[in-house]
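Descriptive analysis of the structure
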Amino acid sequence: MLKDITIGQFFPGDSAVHRLDPRVKIVLTVAFIVLLFLAEGPVSYALILAFLGLIIAISRISPKLVVRGLKPILFIVAFTAVLNLFYTPGEYIWQWGFLHISREGIRMAVFMVIRLMLLIIATSMLTYTTSPIQLTDGLERLLGPLKKLHAPVHELSMMMSIALRFIPTLIEETEKIISAQKARGADFESGSLVQRAKAMIPILVPLFISAFRRADELATAMECRLYRGDVGRTRMKQLKIARVDVCAVLVCAAVFAAVIVLRRYGL
């Protein structure tokens, strides 16, 4: 299961999606999330799905990798679908006690599952095609006006970048600890729920120790390199809006407008 967690991973490439300005990608990702909540009918979701499929094809990210990233959230998706299926009021087609299934519940459950999966895929594509450094620079530039209000924009961007950077590292560390504990005879799959929870202690303790050690090493390395936050900081690569960014914004705007029109007709 841990191998299926791909959030925070960056896959280098030279596709048009990789070359997009990080500011544009962040804004378009937020716009895509809004678009998902505006869609209501099957035609709208089909258009959004086709648009997202086009992005995946252009980015040259393996569809298998994208699908594999959905496995860790399958329980959440299934739980959400069950809640919408049994607790959405409407025209009942089946009822037993306090449980009931309505036509509206089936429709809501299907659309909610599609919405959650598309949401995870879209946000994952942002990290797949954007390095942590680019994400930091893009987020910091977008939140730049908040500096006038003395908001710690650079510090927040740096913390987000470091968190995303160390997600794959901590996952790999967890896999090593689990393998080592299994080699020593630890059993994580049998027993009651309480016994399984106690069996996780030999994993969590070394993992926390390792995480704190890495954080201390990172802080020492940053101090040795005279890191002083945003004071006097320069950038090797300057962010510039190119033609490919303008084209991406226009295409996204066209899809946005089409979904709004389809929403008016309930499609």
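I will try to describe carefully the structure that is included in this document. The structure displayed is predicted, hence computed values, not measured ones.

Regarding the overall build of the protein
A count of helices and strands for the protein gives 11 helices and 2 strands. Taken from N to C terminus, the helices and strands of the protein fall in the order α-α-α-α-α-β-β-α-α-α-α-α-α. Buried residues in the protein amount to 34% of all 267 residues. Restricting to contacts in the protein with at least 6 residues of sequence separation, those with at least 24 account for 72%. In the structure as shown, the protein presents an accessible area of about 16,700 Å², 69% of it carried by carbon and sulfur atoms.

Comments concerning the environment of Arg60
Within the secondary structure layout, Arg60 lies in the loop between α3 (42–59) and α4 (63–68). Overall, Arg60 belongs to the exposed group, its relative accessible area being 68%. Residues Arg60 and Phe11, 49 residues apart in the sequence, show an inter-C-alpha distance of 9.9 Å.

Topic: the layout of surface pockets
Reported here for the second largest pocket is a volume of approximately 470 Å³. In this structure, the second largest pocket is lined by 22 residues; those nearest its centre are Val17, Leu20, Leu28, Phe51 and Ile55. The residue inventory of the lining of the second largest pocket, partitioned by class, reads 19 nonpolar, 2 polar and 1 charged.

Some words on the pattern of salt bridges
Tallying each qualifying case throughout the model produces 3 salt bridges. Between Asp21 and Arg23 there is a salt bridge, and its shortest N-O distance comes to 2.9 Å. For Arg214, the salt bridge goes to Glu173, with nearest N and O atoms at 3.1 Å. Residue Arg214 is found in helix α10 (residues 201–224), and its partner Glu173 is found in helix α8 (residues 153–183); the two are separated by 41 residues along the sequence. The partly exposed category is assigned to Arg214, whose relative accessible area is 26%.

Re the nonpolar core
Considering soluble globular proteins, one finds that nonpolar side chains tend to be buried as a cluster. Core analysis: the biggest nonpolar cluster contains 28 residues, and Phe32, Ile48, Leu52, Val66, Ile121 and Met125 have the highest contact counts within it. Those elements that place two or more of their residues in this core are α2 (22–38), α3, α4, α6 (103–128) and α11 (243–264). Once residues within four sequence positions are removed from consideration, Phe32 is found in contact with Ile48, Phe51, Leu52, Leu118 and Ala122. Ile26, Leu126, Leu135 and Leu164 belong to the second largest nonpolar core, which has 5 residues in total.

Details of the side chain of Ser59
The residue Ser59 is located in helix α3 in this model. A polar contact of 2.9 Å, which involves the side chain of Ser59, links it to the backbone oxygen of Ile56. Look past the residues within four positions of Ser59 in its chain and what remains in contact with it is Ser15, Val17, His18, Met125 and Thr129.

Some details on the packing of α2 against α6
Contact pair α2 / α6: the axes reach a minimum separation of 10 Å and the direction vectors enclose 180°. Comparing their axes, α6 and α2 come out roughly antiparallel. In this structure, α2 contributes Lys25, Ile26, Thr29, Phe32, Ile33, Leu36 and Phe37 to the contact, and α6 contributes Arg115, Leu118, Leu119, Ala122, Thr123 and Leu126. By residue class, the composition of the contact of α2 with α6 is 9 nonpolar, 2 polar and 2 charged.

The rules behind the values
- Numbering of residues starts from 1 in every chain and runs along the sequence as written.
- pLDDT decides what is reported in this predicted model: residues at 70 or higher carry local features, side-chain atom pairs at 80 or more are listed and counted, and totals for whole chains, interfaces and linings draw on all residues regardless.
- To obtain the side-chain values, all non-hydrogen atoms of the structure were used and water was disregarded.
- Helix numbers and strand numbers start at the N terminus; a helix is a DSSP run of H or I with at least 4 residues, a strand a run of E with at least 2.
- Here the term buried applies to any residue with accessible area under 20% of the maximum for its type, exposed to any over 50%, and partly exposed to those in between, with areas from a 1.4 Å probe on protein chains only.
- Contacts are residue-level and defined by heavy atoms, with any inter-residue pair within 4.5 Å sufficient.
- For every accessible area listed, the method is Shrake-Rupley and the probe measures 1.4 Å; residues are considered covered only by the protein chains on display.
- Computed over the protein atoms alone on a 1 Å grid, cavities are sets of points where a 1.4 Å probe fits but cannot get out and pockets are open sets with protein on both sides within 12 Å along at least five of seven lines; a residue lines them when it has an atom within 4 Å of a point.
- Grid points are joined across faces, edges and corners, and a volume is the space filled by probe spheres set on the points.
- Each residue gets one of three labels, nonpolar for Ala, Val, Leu, Ile, Met, Phe, Trp, Tyr, Cys and Pro, charged for Asp, Glu, Lys and Arg, and polar for the others, Gly among them.
- The term salt bridge refers to a side-chain nitrogen of Lys or Arg lying within 4 Å of a carboxyl oxygen of Asp or Glu.
- Take the buried residues of types Ala, Val, Leu, Ile, Met, Phe, Trp, Tyr and Cys, join any two whose side-chain atoms come within 4.5 Å, and each joined set is a nonpolar core.
- The definition of a polar contact used here is a pair of N or O atoms within 3.5 Å, where within protein one atom must be able to donate a hydrogen and the other to accept one, and adjacent residues in sequence count solely through side-chain atom pairs.
- Here an angle of 0 to 180 degrees is reported between the N-to-C directions of two axes, which are lines fitted to C-alpha atoms, with helices fitted over the stretch in contact.
- By the definition adopted for this analysis, an angle is roughly parallel if under 35 degrees, roughly antiparallel if over 145, roughly perpendicular if from 65 to 115, and oblique otherwise.

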